[in-house]
Protein chains: 2
Amino acid sequence: MKAKKPYNCGIGPAFEVIGGKWKAVILWELHVQPRRFGELKRLLPGISEKMLIQQLRELETDGLVNREAFHEVPPRVEYSETKLGATLNAALGPLADWGDRYAKRVEAARKKADG
Amino acid sequence: MKAKKPYNCGIGPAFEVIGGKWKAVILWELHVQPRRFGELKRLLPGISEKMLIQQLRELETDGLVNREAFHEVPPRVEYSETKLGATLNAALGPLADWGDRYAKRVEAARKKADG
DNA sequence: CGGAATCCTTATTGATACTG
DNA sequence: CAGTATCAATAAGGATTCCG
């Protein structure tokens, strides 16, 4: 999601920061509560450490996520959403609702087809 | 955006149907009014015919876009959003607004940095 | 625990030329 | 006009190994 997009509406910029496979869900998990690296990894079955750290870094760069490292042993790092991140999560709400209904709709259609 | 996503919220399904570089903007253009193939091509600078038709087909398959072909010479095809597509566009509204504000914010920061 | 570094596979996107 | 067909490029995503 790094290529330039000739969008004339805000959808473009929004997708640039939240697009891709993981960012939206990561941000969502941080909306629930601050979480540690390992916690996120467990919550996102299938994500590799590389992707997780990469996405977190990009989210951080874009000002959506906050990273706080505690210099302890064993090391501990906590990620949380920033204020800006919270506003994005809010804007994502209706889309999440839509997706929920859509998924149910698709599921219902599938059951009917299977018999 | 075809890989399975382990999302537990509606964001996953939503991104599966609207994710990628072009779908959201295409749908947005069709929200303004029904449009012809060539019209969309002009409105989306940078998109290739291949991508345009591909994305349109997928949107059609997912029930978001309607395709109506008029058997004339020269051929004419009109694409429009379905009712479901309209609900998705509505859900996309807040995200578009957010992106708008974000883009302005980023732009302002850039200007300041440049001096 | 929380990464970094490397290599590799697949998915997405694009350029170009051609057709009914 | 509204597409198809091919081929090429790039980006996204993932597996593995290693480190402080």
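Residues numbered from 1 in each chain as written. Chains lettered and ligands numbered in written order. Predicted model: local features only at pLDDT ≥ 70, side-chain atom pairs only at ≥ 80, totals over all residues. Heavy atoms only, no water.

(A) Fine view of the interface of chain A and chain B. Across the boundary between the two partners, chain A contributes 40 residues, which contact 40 residues of chain B. Where chain A abuts chain B, roughly 3,600 Å² becomes buried across the two surfaces, and 76% of that area is made up of carbon and sulfur atoms. One can count zero salt bridges joining chain A with chain B. Taken together, the connections running from chain A to chain B amount to four residue pairs in polar contact (both at pLDDT 80 or more). (Contact = heavy atoms within 4.5 Å. Buried area = accessible area lost by both parts, 1.4 Å probe. Salt bridge = Lys/Arg side-chain N within 4 Å of Asp/Glu carboxyl O. Polar contact = N/O pair within 3.5 Å; in protein donor to acceptor, adjacent residues only side chain to side chain.)

(B) Structural context of the packing of aromatic side chains. This structure, assessed with the given rule, holds three aromatic pairs over all chains. Relative to Tyr102(B), the ring of Trp98(B) has its centre 4.9 Å away and its plane inclined at 10 degrees; by these criteria the two rings are stacked. Taken as a pair, Trp98(B) and Tyr102(B) lie in helix α5 (residues 83-114) at a separation of four residues, close to a single helical turn. Accessibility classification places Trp98(B) together with Tyr102(B) in one group, the buried group. Above the plane of the ring of Phe70(A) lies Arg76(A), whose end atom (NZ or CZ) is 4.0 Å from the centre. (Phe/Tyr/Trp six-rings, centres within 6.5 Å; stacked < 30°, edge-to-face > 60°. Helix = DSSP H or I, 4+ residues; strand = E, 2+ residues; numbered from the N terminus. Buried < 20%, exposed > 50% of the residue type's maximum accessible area, 1.4 Å probe, protein only. Lys NZ or Arg CZ within 6 Å of the ring centre and 35° of its normal.)

(C) Representation of the confidence of the model for chain A. Mean pLDDT over chain A: 91, with 94% of residues reaching 70 or higher. Predicted confidence for residues 2-6 of chain A stays below pLDDT 50, and this span has ten contacts to residues more than four positions away or in other chains. (pLDDT = per-residue confidence, 0-100.)

(D) Summary view of unusual backbone geometry. With an omega of 0 degrees, the peptide bond running from Val73(A) to Pro74(A) counts as cis. Here Pro74(A) shows up in the loop between β2 (65-70) and β3 (76-81).

(E) Inspection of the pairing of β2(A) at higher detail. Residues and elements named next belong to chain A. Across six bridges, β2 lies against β3 in antiparallel orientation. Residue pairing in the sheet places Glu68 in a bridge with Glu78 of β3. The loop that links β2 with its antiparallel partner β3 comprises five residues. (Pairing = 2+ DSSP bridges.)

(F) Just the environment of Leu30(A), in detail. Mapped onto the fold, Leu30(A) is located in helix α2 (residues 23-32). Put simply, Leu30(A) and Ala86(A) are 56 residues apart on the chain and 9.2 Å apart in space, counted from C-alpha to C-alpha.

(G) Layout of the environment of Trp28(B). Secondary-structure assignment places Trp28(B) in helix α2 (residues 23-32). You can call Trp28(B) partly exposed: its relative accessible area is 24%. Separated by 45 residues in the primary sequence, Trp28(B) and Val73(B) place their C-alpha atoms 28 Å from one another. Not counting residues up to four positions away in its chain, the partners in contact with Trp28(B) are Cys9(A) and Asn89(B).

(H) Layout of the side chain of Glu39(B). Here Glu39(B) is to be found in helix α3 (residues 37-43). Side-chain polar atoms of Glu39(B) contact the side chain of Arg35(B), separated by 3.3 Å.

(I) Just the side chain of Arg35(A), in detail. Residues and elements named next belong to chain A. The topology assignment puts Arg35 in strand β1 (residues 35-36). There is a polar contact of 3.2 Å between the side chain of Arg35 and the backbone oxygen of Glu29. Residue contacts for Arg35: discarding those within four places in its chain leaves Glu29, Leu30, Leu40, Leu43, Val77, Glu78 and Tyr79.

(J) View of the pattern of salt bridges. Counting across every chain of the model gives 16 salt bridges over all chains. For the salt bridge of Glu29(A) with Arg35(A), the shortest nitrogen-to-oxygen distance reads 3.5 Å. The burial state of Glu29(A) is the same as that of Arg35(A); both residues are buried. Residue Arg110(B) is joined to Asp114(B) by a salt bridge in which the shortest nitrogen-to-oxygen separation is 3.0 Å. Of this pair, Arg110(B) and Asp114(B) are both found in helix α5, four residues apart, which corresponds to roughly one turn of the helix. Overall, the relative accessible area of 41% leaves Arg110(B) in the partly exposed class. Judged by its relative accessible area of 57%, Asp114(B) is exposed. Put simply, Glu29(A), Arg35(A) and Glu39(A) are held in one network by salt bridges that share partners.

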